[in-house]
Amino acid sequence: MDEIWIERHGLQQKCGRPEKGKAMDRGEELRMTYSGLLLKDGEKMVRVCFERGKGGYAEGIVPRGTIEKSSGFTKEEIEQLAAYLQENATDILHKAKEVHFLNEWLGRK
(Lines give C-alpha, C1' and ligand atoms only; values in the text may rest on other atoms or scores of the structure.)
Protein backbone atom coordinates (compact mmCIF):
# COMPACT_ATOMS: atom_id res chain seq x y z
CA MET A 1 0.00 0.00 0.00
CA ASP A 2 1.43 3.34 -1.01
CA GLU A 3 -1.03 5.85 0.32
CA ILE A 4 -3.48 6.40 3.13
CA TRP A 5 -6.96 7.63 2.31
CA ILE A 6 -8.95 9.53 4.88
CA GLU A 7 -12.71 9.45 5.01
CA ARG A 8 -14.82 12.12 6.64
CA HIS A 9 -18.53 11.58 6.53
CA GLY A 10 -18.39 9.44 3.38
CA LEU A 11 -15.89 11.55 1.45
CA GLN A 12 -12.45 10.07 0.82
CA GLN A 13 -9.32 12.12 0.46
CA LYS A 14 -5.77 11.00 -0.26
CA CYS A 15 -3.48 12.10 2.55
CA GLY A 16 -0.08 10.61 1.79
CA ARG A 17 2.21 7.82 2.85
CA PRO A 18 2.39 6.49 6.39
CA GLU A 19 6.17 6.79 6.49
CA LYS A 20 8.83 8.25 4.27
CA GLY A 21 10.61 5.47 2.47
CA LYS A 22 9.09 2.02 2.93
CA ALA A 23 5.29 1.93 2.90
CA MET A 24 3.12 -0.79 4.40
CA ASP A 25 3.20 -3.84 2.19
CA ARG A 26 -0.29 -5.34 2.48
CA GLY A 27 -1.89 -4.32 -0.81
CA GLU A 28 -5.13 -3.46 1.00
CA GLU A 29 -6.90 -0.13 1.20
CA LEU A 30 -6.31 1.66 4.48
CA ARG A 31 -9.03 4.06 5.58
CA MET A 32 -8.44 6.81 8.12
CA THR A 33 -11.33 8.51 9.91
CA TYR A 34 -11.10 11.21 12.55
CA SER A 35 -13.25 12.98 15.07
CA GLY A 36 -13.85 16.67 15.40
CA LEU A 37 -11.71 18.63 17.81
CA LEU A 38 -12.13 17.31 21.37
CA LEU A 39 -11.15 18.83 24.70
CA LYS A 40 -9.99 16.50 27.48
CA ASP A 41 -8.34 17.72 30.68
CA GLY A 42 -7.69 21.08 29.02
CA GLU A 43 -5.92 19.44 26.06
CA LYS A 44 -7.16 19.79 22.46
CA MET A 45 -7.04 16.44 20.70
CA VAL A 46 -8.44 14.42 17.83
CA ARG A 47 -9.21 10.70 17.84
CA VAL A 48 -8.05 8.92 14.68
CA CYS A 49 -8.94 5.43 13.49
CA PHE A 50 -7.17 3.47 10.74
CA GLU A 51 -9.10 0.52 9.30
CA ARG A 52 -8.25 -2.12 6.73
CA GLY A 53 -9.62 -5.42 5.56
CA LYS A 54 -11.84 -7.42 7.84
CA GLY A 55 -11.31 -6.31 11.42
CA GLY A 56 -7.92 -4.63 11.15
CA TYR A 57 -7.88 -1.34 13.05
CA ALA A 58 -5.62 1.02 14.94
CA GLU A 59 -6.88 3.86 17.14
CA GLY A 60 -4.68 6.84 17.89
CA ILE A 61 -4.62 10.37 19.25
CA VAL A 62 -3.30 13.58 17.76
CA PRO A 63 -1.27 15.68 18.65
CA ARG A 64 0.47 13.03 20.79
CA GLY A 65 0.83 10.78 17.76
CA THR A 66 0.28 7.60 19.75
CA ILE A 67 -1.64 4.46 18.85
CA GLU A 68 -3.68 3.33 21.86
CA LYS A 69 -5.39 0.17 20.56
CA SER A 70 -4.92 -2.02 17.51
CA SER A 71 -5.69 -5.37 15.95
CA GLY A 72 -4.44 -6.84 12.68
CA PHE A 73 -1.37 -4.60 12.32
CA THR A 74 2.26 -5.57 12.92
CA LYS A 75 4.46 -3.71 15.39
CA GLU A 76 6.31 -2.10 12.46
CA GLU A 77 3.03 -0.94 10.88
CA ILE A 78 1.89 0.55 14.21
CA GLU A 79 5.18 2.48 14.38
CA GLN A 80 4.59 3.74 10.82
CA LEU A 81 1.06 4.88 11.67
CA ALA A 82 2.28 6.64 14.85
CA ALA A 83 4.98 8.39 12.81
CA TYR A 84 2.35 9.43 10.27
CA LEU A 85 0.20 10.93 13.05
CA GLN A 86 3.16 12.82 14.49
CA GLU A 87 4.28 14.17 11.10
CA ASN A 88 0.75 15.24 10.11
CA ALA A 89 -0.63 16.34 13.50
CA THR A 90 -0.99 20.01 12.54
CA ASP A 91 -2.90 19.18 9.35
CA ILE A 92 -5.15 16.64 11.10
CA LEU A 93 -5.96 19.13 13.89
CA HIS A 94 -6.78 21.80 11.31
CA LYS A 95 -9.12 19.48 9.37
CA ALA A 96 -10.78 18.29 12.59
CA LYS A 97 -11.75 21.90 13.38
CA GLU A 98 -13.97 21.78 10.29
CA VAL A 99 -15.93 18.76 11.55
CA HIS A 100 -19.22 19.73 13.13
CA PHE A 101 -20.85 16.43 13.99
CA LEU A 102 -24.30 17.84 14.71
CA ASN A 103 -24.53 19.60 11.36
CA GLU A 104 -23.28 16.49 9.57
CA TRP A 105 -25.76 14.33 11.47
CA LEU A 106 -28.60 16.66 10.49
CA GLY A 107 -27.42 16.75 6.87
CA ARG A 108 -26.29 20.39 6.95
CA LYS A 109 -23.00 21.69 5.64
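Owing to the predicted nature of the structure, the values given are computational and were not obtained by experimental measurement.

Trainee: What's the story with the packing of aromatic side chains in this structure? I'm lost.
Mentor: Each aromatic ring pair is specified by the distance between its two centres and by the angle formed by the two planes. Applying the stated rule across the entire model yields one aromatic pair. Measuring from ring centre to ring centre gives 6.3 Å for F50 and Y84, while their planes differ by 80°; the resulting arrangement is edge-to-face. Taken as a pair, F50 in strand β5 (residues 43-52) and Y84 in helix α1 (residues 75-87) lie far apart in primary sequence, 34 residues in all. Residue class for F50 comes out buried when judged on its relative accessible area of 0%. What makes Y84 buried here is its relative accessible area of 2%. For the cation-ring pair, R52 lies above F73, with the distance from its terminal atom to the ring centre recorded as 4.1 Å.

Trainee: Where do I start with the nonpolar core in this structure?
Mentor: Proteins that are soluble and globular tend to have nonpolar side chains buried together. Among the nonpolar cores identified, the biggest contains 20 residues, and V46, V48, F50, V62, I67, L85 and I92 are the most heavily contacted of them. Contributing elements (two or more residues each) for this core: β3 (30-34), β5, β6 (56-62), α1 and α2 (89-96). Contact partners of V48, with chain neighbours within four places excluded, come to M32, T33, Y34, A58, E59, G60, V62, L85 and I92.

Rules behind the numbers
Residues numbered from 1 in each chain as written. Predicted model: local features only at pLDDT ≥ 70, side-chain atom pairs only at ≥ 80, totals over all residues. Heavy atoms only, no water. Phe/Tyr/Trp six-rings, centres within 6.5 Å; stacked < 30°, edge-to-face > 60°. Helix = DSSP H or I, 4+ residues; strand = E, 2+ residues; numbered from the N terminus. Buried < 20%, exposed > 50% of the residue type's maximum accessible area, 1.4 Å probe, protein only. Lys NZ or Arg CZ within 6 Å of the ring centre and 35° of its normal. Core = buried A, V, L, I, M, F, W, Y, C linked by side-chain atoms within 4.5 Å. Contact = heavy atoms within 4.5 Å.

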